[in-house]
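Residue strings, one per chain:
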Amino acid sequence: MEIDCQPEDSIVSSFDEDSVELGDVKDMRLEAEAVVNDVLFAVAEMHVSQSLTSALDVAYINVETREGNRYCLELTEAGLRVVGYAFDQVNEDLNSQYHETVYSLLDTLSPGYREAFGNALLQQLERLKQNGQ
């Protein structure tokens, strides 16, 4: 079962979608930075690739899961997908599935992400309960 939920309701995000829009085209470099900032709490390491060339229509993100697996992700208007199994590696022959969100992609790759995400939601619910909301 795949649940595609957005943790930004429970976790403070510094991402402002309006800052990424350029007419009808999103700047994928800025979008990639926002993706990293939104889920960094739930992975071992994550950063926008400095080695691979990003552009308005594509950006690459390196992520290491809590299990120690490394991936290179491609971010485009179609979504995110795994393009390599090491940092800064793009395998043109790899035909992996696109995911609409980073949450969906990481949910399929990392049980540790799923656990960290769930714990963050529970902590937020506890804070709301304690504040009487």
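Notes on the structure in this doc start here. (Residues numbered from 1 in each chain as written. Predicted model: local features only at pLDDT ≥ 70, side-chain atom pairs only at ≥ 80, totals over all residues. Heavy atoms only, no water.)

1. A few points about the overall build of the chain
1) Next: From N to C terminus, the chain includes 3 helices and 6 strands.
2) Next: Written out in order from the N terminus, the α and β elements of the chain read β-β-α-β-β-β-β-α-α.
3) Next: Classification of the 133 residues of the chain by burial places 42% in the buried group.
4) Next: Total accessible area on the chain is roughly 7800 Å²; 46% of this is exposed by carbon and sulfur atoms. (Helix = DSSP H or I, 4+ residues; strand = E, 2+ residues; numbered from the N terminus. Buried < 20%, exposed > 50% of the residue type's maximum accessible area, 1.4 Å probe, protein only. Areas by Shrake-Rupley, 256 points an atom, 1.4 Å probe, with all protein chains shown as cover.)

2. Let's talk about the pairing of strand S5 (residues 70-76)
Looking down a regular strand, the side chains alternate between one sheet face and the other.
1) Next: Burial of S5 is extensive: 6 of the 7 residues sit out of reach of the surface.
2) Next: Two elements, strand S4 (residues 59-64) and S5, share 6 bridges in a ladder whose sense is antiparallel. For valine 63, the partnering residue across the bridge sits in S5 and is tyrosine 71.
3) Next: Hairpin connection of S4 to S5: 5 residues between the antiparallel strands, including glycine 68 at a positive phi of 90 degrees. (Pairing = 2+ DSSP bridges.)

3. Describing the environment of arginine 66
1) Next: Inspection of the secondary structure assignment puts arginine 66 in the loop between S4 and S5.
2) Next: Separated by 45 residues in the primary sequence, arginine 66 and proline 111 have C-alpha atoms spaced 8.3 Å apart.
3) Next: Setting aside its immediate chain neighbours within four residues, arginine 66 contacts Phe41, Ala42, Val43, Ala44, Ser110, Gly112, Tyr113 and Ala116.
4) Next: At 3.2 Å, the side chain of arginine 66 and the backbone oxygen of alanine 42 are in polar contact. (Contact = heavy atoms within 4.5 Å. Polar contact = N/O pair within 3.5 Å; in protein donor to acceptor, adjacent residues only side chain to side chain.)

4. Regarding the side chain of aspartate 27
1) Next: The topology assignment puts aspartate 27 in the loop between strand S2 (25-26) and helix H1 (28-39).
2) Next: Aspartate 27 sits in the buried class, given a relative accessible area of 8%.
3) Next: A polar contact is formed between the side chain of aspartate 27 and the backbone nitrogen of arginine 29, at a distance of 3.0 Å.

5. Regarding helix H3 (residues 111-130)
Think of an α-helix as turning once every 3.6 residues; residues three or four places apart then point the same way.
1) Next: The first and last C-alpha atoms of H3 sit 29 Å apart over 20 residues, in line with the 28 Å expected at 1.5 Å per residue.
2) Next: Turning to H3, its buried residues are Gly112, Tyr113, Ala116, Phe117, Ala120 and Gln124. The arc enclosing the buried residues of H3, seen along the axis, measures out at 135 degrees, which places them on a common side. Facing away from the buried side of H3 by more than 90 degrees, the exposed set consists of Glu115, Leu122, Leu125, Lys129 and Gln130. (Expected span 1.5 Å × (residues − 1). Arc of directions from axis to C-beta.)

6. Looking at the packing of aromatic side chains
1) Next: Overall, the coordinates contain 3 aromatic pairs when judged by the stated rule.
2) Next: Here the aromatic residues Tyr103, Tyr113 and Phe117 are joined through ring pairs into a cluster of three or more.
3) Next: Residue placement shows arginine 70 over the ring face of phenylalanine 87; its charged tip is 4.1 Å from the ring centre. (Phe/Tyr/Trp six-rings, centres within 6.5 Å; stacked < 30°, edge-to-face > 60°. Lys NZ or Arg CZ within 6 Å of the ring centre and 35° of its normal.)

7. Some words on the sheet that holds strand S3 (residues 45-48)
What links the strands of a sheet is backbone hydrogen bonding, and the strands pair in either a parallel or an antiparallel sense.
1) Next: Taken in spatial order, the 4 strands make up an open sheet running S3-S4-S5-S6, and their pairing is antiparallel. Two strands in the sheet have a free side with no partner beyond their single neighbour: S3 and strand S6 (79-84). Each adjacent strand pair in this sheet contributes to an overall mean axis angle of 25 degrees, direction not counted.
2) Next: Inspection of the sheet shows S3 paired to S4 by 4 bridges, in the antiparallel sense. Looking at the pairing, glutamate 45 lines up with glutamate 64 of S4.
3) Next: Here H1 sits on the sheet in contact with S3, S4 and S5, set at roughly 165 degrees to S3.
4) Next: Helix H2 (residues 102-109) rests against S3, S4, S5 and S6 of the sheet, and its axis sits at about 40 degrees to S6. (Axes fitted to C-alpha atoms, helices over the stretch in contact; angles between N-to-C directions.)

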